[in-house]
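Chains, contacts and geometry: an overview
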Amino acid sequence: MDGVLRFFAIVCLMLGCPIGNALYAQVLPENIKYKTAMLAVVFVTPDCPISQKYMYRLNEMRDSSAGEITWYAVVPGNVGKQAIKDFSKEYLSQLTFLPDKDFAVVKALQARVT
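Calculation notes
- Residues numbered from 1 in each chain as written.
- Predicted model: local features only at pLDDT ≥ 70, side-chain atom pairs only at ≥ 80, totals over all residues.
- Heavy atoms only, no water.
- Pairing = 2+ DSSP bridges.
- Helix = DSSP H or I, 4+ residues; strand = E, 2+ residues; numbered from the N terminus.
- Axes fitted to C-alpha atoms, helices over the stretch in contact; angles between N-to-C directions.
- Contact = heavy atoms within 4.5 Å.
- Core = buried A, V, L, I, M, F, W, Y, C linked by side-chain atoms within 4.5 Å.
- Buried < 20%, exposed > 50% of the residue type's maximum accessible area, 1.4 Å probe, protein only.
- Arc of directions from axis to C-beta.

A word on the sheet that holds strand β2 (residues 69-76). With respect to topology, three strands assemble into an open sheet ordered β1-β2-β3, the strand pairing being parallel. Of all the strands in the sheet, the pair left with one neighbour each is β1 (38-43) and β3 (96-100). Shown here is a sheet whose adjacent strand axes are inclined to one another by a mean of 30°, direction ignored. Of the strand pairs in this sheet, β1 and β2 are connected by six bridges, and their pairing is parallel. If you follow valine 41 over to β2, its bridge partner there is tyrosine 72. Packing of helix α3 (residues 49-64) onto the sheet brings it into contact with β1, β2 and β3, and relative to β2 it is tilted by some 160°.

Here it is as structure tokens:
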């Protein structure tokens with residue numbers, strides 16, 4: 001998917017556009033399911049200060065969009081389940097955390113992990 005088409009698909013997906021949903025259905029991993037019109041996928045790492053800083057804002061955004069947007073927090077790399085659970089508890093997160101040990105979601109969505 002070229003950059004312009006990918007950008008269009010992301011915008012449509014964020015707006016709940018069927019075209020965006022159809023385009024991203026081709027690249028979304030099977031374990032990401034959503035029933036809302038919109039899907040938000042964020043990438044976090046428990047030991048990353050930036051991820052830690054943004055968790056409160058992500059929680060606010062999730063709470064204010066309940067029922068409208070399905071949220072996934074993808075945790076790339078070799079991060080244990082307990083570390084993810086502790087991170088979720090520490091930041092009082094209601095996001096659905098999805099471990100991505102083999103970077104499949106990162107690759108599918110062409111995310112950049114820093």
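It is worth spelling out the environment of lysine 35 at this point. Along the polypeptide, lysine 35 turns up in the loop between α2 (18-25) and β1. Distance in space between the C-alpha atoms of lysine 35 and isoleucine 69 is 8.7 Å, their sequence separation being 34 residues.

By size, the foremost hydrophobic cluster in this structure holds 14 residues, and its most contacted members are Val44, Met55, Leu58, Leu95 and Phe97. For this core, the elements supplying multiple residues, two or more each, are β1, α3, β2 and α4 (81-90). When residues of this core are assigned to their parent elements, the largest contribution, three residues, is made by β2. Residues in contact with leucine 58, not counting those within four places in the same chain, are Val42, Val44, Trp71 and Leu95. Counting residues in hydrophobic clusters, the runner-up holds six residues, among them Leu39, Leu98, Val105 and Leu109.

Let us now look at α4. Among all positions in α4, only Ile84, Phe87 and Ser88 are buried. Seen end-on, α4 carries its buried residues on one side only, within an arc spanning 100°. Residues of α4 that are exposed and point more than 90 degrees away from the buried face comprise Lys85, Lys89 and Glu90. The positive-phi residue at the C-terminal boundary of α4 is leucine 92, with phi of around 50°.

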